[in-house]
Amino acid sequence: MKKSRSLFVLTLIMSLLLVGLTACGGSGNSGESKSKFNSIEQIKKNGKVRIGVFADKPPFGYVDSDGKNQGFDVYIAKRFAKDLLGDESKVEFVLVDAASRVAYLESNKVDIIMANFTVTDERKEKVDFANPYMKLSFGIVSPDSAPITSIDQLKEKGQRLIVAKGTTAETYFTKEYPEIELLKFDQYTEIFAALKDGRGAAIANDNTELIAWAKSNPGFTVSIPAFGGQDTIAPAVAKGNTELLDWINTELDNLGKEQFIHQAYKETLNEVYGEGYAEELVVEGGRLE
């Protein structure tokens, strides 16, 4: 009986110790858990702002032969870093693909997404968009030898439309033309390779990117230059990060006073589209006129 009582007391003591350790451990983990986003104070403390950009979408976001990030989005992102942290080199570029942009904000892997991110109502439910810096619409590129000049052509048997996963083009055709067969890829390099290989009849994407690609790839034409209405491109932050959102909107307003987005166009897009296309693309000061 005495032995049983001693065993009971020992078991009780061990249980209380385990509970105490668990409580301490839980408290420590809670203190170390990551928040949903970094405040501006935390970004400054870290000494860097993490901005998600594309690696394979020239002339908007790409990695050049020297391994450096280049493009329209990148040019603007560097200015954000300079004005936020005093030095454009204090930006950490995080490479994303179209389908991972929302997830990278939700998991606090980036502070800002500037990967040619089209504003949509669906995305607004998951992230907060700042004011726009660019406008665009959908386009279709196809081979000169078999041009797709009407969306109805894509409804024919055996025709497949190539899209990148997570893009507004994918969403648009899934909703508006469910009868059209879509061939989907994660990377932009993959969709262009698929068109060149003849695995699909055409690519649907932002017309701005398709025009740039077709100009540097003889044998292909933007056979439908614009459809689906006008969209805008804007920076995005994690849902609820109003402090950083307000900073970006103020920054875009200030940059508009010096026509900085036009300067970004001149430095990164002019060679592709020409001067006459600037007003069709650029949104200055974060405001559509």
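Residues numbered from 1 in each chain as written. Predicted model: local features only at pLDDT ≥ 70, side-chain atom pairs only at ≥ 80, totals over all residues. Heavy atoms only, no water.

The chain is annotated in an unreviewed UniProt entry as Transporter substrate-binding domain-containing protein of Paenibacillus lentus. Annotation of the chain in UniProt includes, under Sequence similarities (unreviewed entry), the sentence "Belongs to the bacterial solute-binding protein 3 family." (UniProt positions renumbered as here; feature names shortened; annotations may be inferred.)

We now examine the overall build of the chain. The secondary structure content of the chain amounts to twelve helices and 13 strands. Relative to its full complement of 289 residues, the chain shows a buried share of 49%. Long-range contacts, defined here as pairs at least 24 residues apart, represent 71% of the contacts in the chain between residues at least 6 apart. Looking at the chain as shown, the accessible area adds up to about 14,900 Å², and 51% of this sits on carbon and sulfur atoms. (Helix = DSSP H or I, 4+ residues; strand = E, 2+ residues; numbered from the N terminus. Buried < 20%, exposed > 50% of the residue type's maximum accessible area, 1.4 Å probe, protein only. Contact = heavy atoms within 4.5 Å. Areas by Shrake-Rupley, 256 points an atom, 1.4 Å probe, with all protein chains shown as cover.)

Phe-260, Ile-261, Ala-264, Tyr-265 and Thr-268 are the residues of helix H10 (residues 260–268) that are buried. Buried residues of H10, seen end-on, are gathered within an arc of 150 degrees and therefore sit on one face of the element. Its buried side turned inward, H10 meets helix H3 (72–85), helix H9 (242–257), helix H11 (270–273) and helix H12 (278–281). (Arc of directions from axis to C-beta.)

Interhelical geometry of helix H7 (residues 188–196) versus helix H8 (residues 207–215) gives an angle of 55 degrees and a closest axis separation of 13 Å. With respect to their mutual orientation, H7 and H8 come out oblique. Handedness of the crossing formed by H7 with H8: right-handed. Residues Tyr-188, Phe-192, Leu-195 and Lys-196 of H7 touch H8, and the partners they reach there are Glu-209, Leu-210 and Trp-213. Partitioned by chemical class, the residues of the contact of H7 with H8 number five nonpolar, no polar and two charged. (Axes fitted to C-alpha atoms, helices over the stretch in contact; angles between N-to-C directions. Parallel < 35°, antiparallel > 145°, perpendicular 65-115°, else oblique. Left-handed = near helix turned anticlockwise from the far one by under 90°. Nonpolar A, V, L, I, M, F, W, Y, C, P; charged D, E, K, R; others polar.)

Right, let's get into the pairing of strand S11 (residues 202–206). Within S11, five of the five residues are buried, which leaves the element mostly enclosed by the surrounding structure. As paired strands, strand S8 (residues 134–143) and S11 are joined by four bridges and run antiparallel to one another. What sits directly across from Phe-138, in S11, is Asp-206. Across two bridges, the pairing between strand S9 (residues 160–164) and S11 is parallel. Directly across from Leu-161, in S11, lies its bridge partner Ala-202. (Pairing = 2+ DSSP bridges.)

Read from one edge to the other, the open sheet built from three strands follows the order S2-S3-S4, with strand pairing classed as antiparallel. The outermost strands of the open sheet, each flanked by one partner alone, are strand S2 (56–57) and strand S4 (69–70). Direction of pairing for strand S3 (residues 61–63) relative to S4: antiparallel, over a ladder of two bridges. If you follow Tyr-62 over to S4, its bridge partner there is Gln-70.

The subject of this paragraph is the nonpolar core. Grouped burial of nonpolar side chains is what soluble globular proteins tend to show. Val-49, Phe-72, Ile-76, Phe-80, Ile-112, Tyr-133 and Ile-248 are the most contacted members of the largest nonpolar core, which has 72 residues in total. Element by element, the count of residues in this core is highest for H3, at eight residues. Here this core spans two domains, and each of domain 1 (40–133 + 234–281) and domain 2 (138–230) adds at least three residues to it. In terms of nonpolar packing, the next biggest core, distinct from the first, is built from 18 residues, Ile-151, Leu-154, Val-163 and Tyr-172 among them. (Core = buried A, V, L, I, M, F, W, Y, C linked by side-chain atoms within 4.5 Å. Domains from an automatic or database assignment.)

A word on the packing of aromatic side chains. As enumerated under the stated definition, the model contains 16 aromatic pairs in all. Ring geometry for Phe-192 against Trp-213: centres 4.5 Å apart, planes inclined by 15 degrees, an arrangement best described as stacked. With Phe-192 in helix H7 and Trp-213 in helix H8, this residue pair connects regions lying 21 residues apart in the sequence. Taken as a pair, Phe-192 and Trp-213 share a single burial class, namely buried. Through successive ring pairs, a cluster of aromatic residues spans Phe-138, Tyr-172, Phe-173, Tyr-177 and Phe-227. Against the face of Phe-260 rests Arg-79, its NZ or CZ located 4.9 Å from the ring centre. Cation over ring: Lys-109 sits above Tyr-104, and NZ or CZ is 4.9 Å from the ring centre. (Phe/Tyr/Trp six-rings, centres within 6.5 Å; stacked < 30°, edge-to-face > 60°. Lys NZ or Arg CZ within 6 Å of the ring centre and 35° of its normal.)

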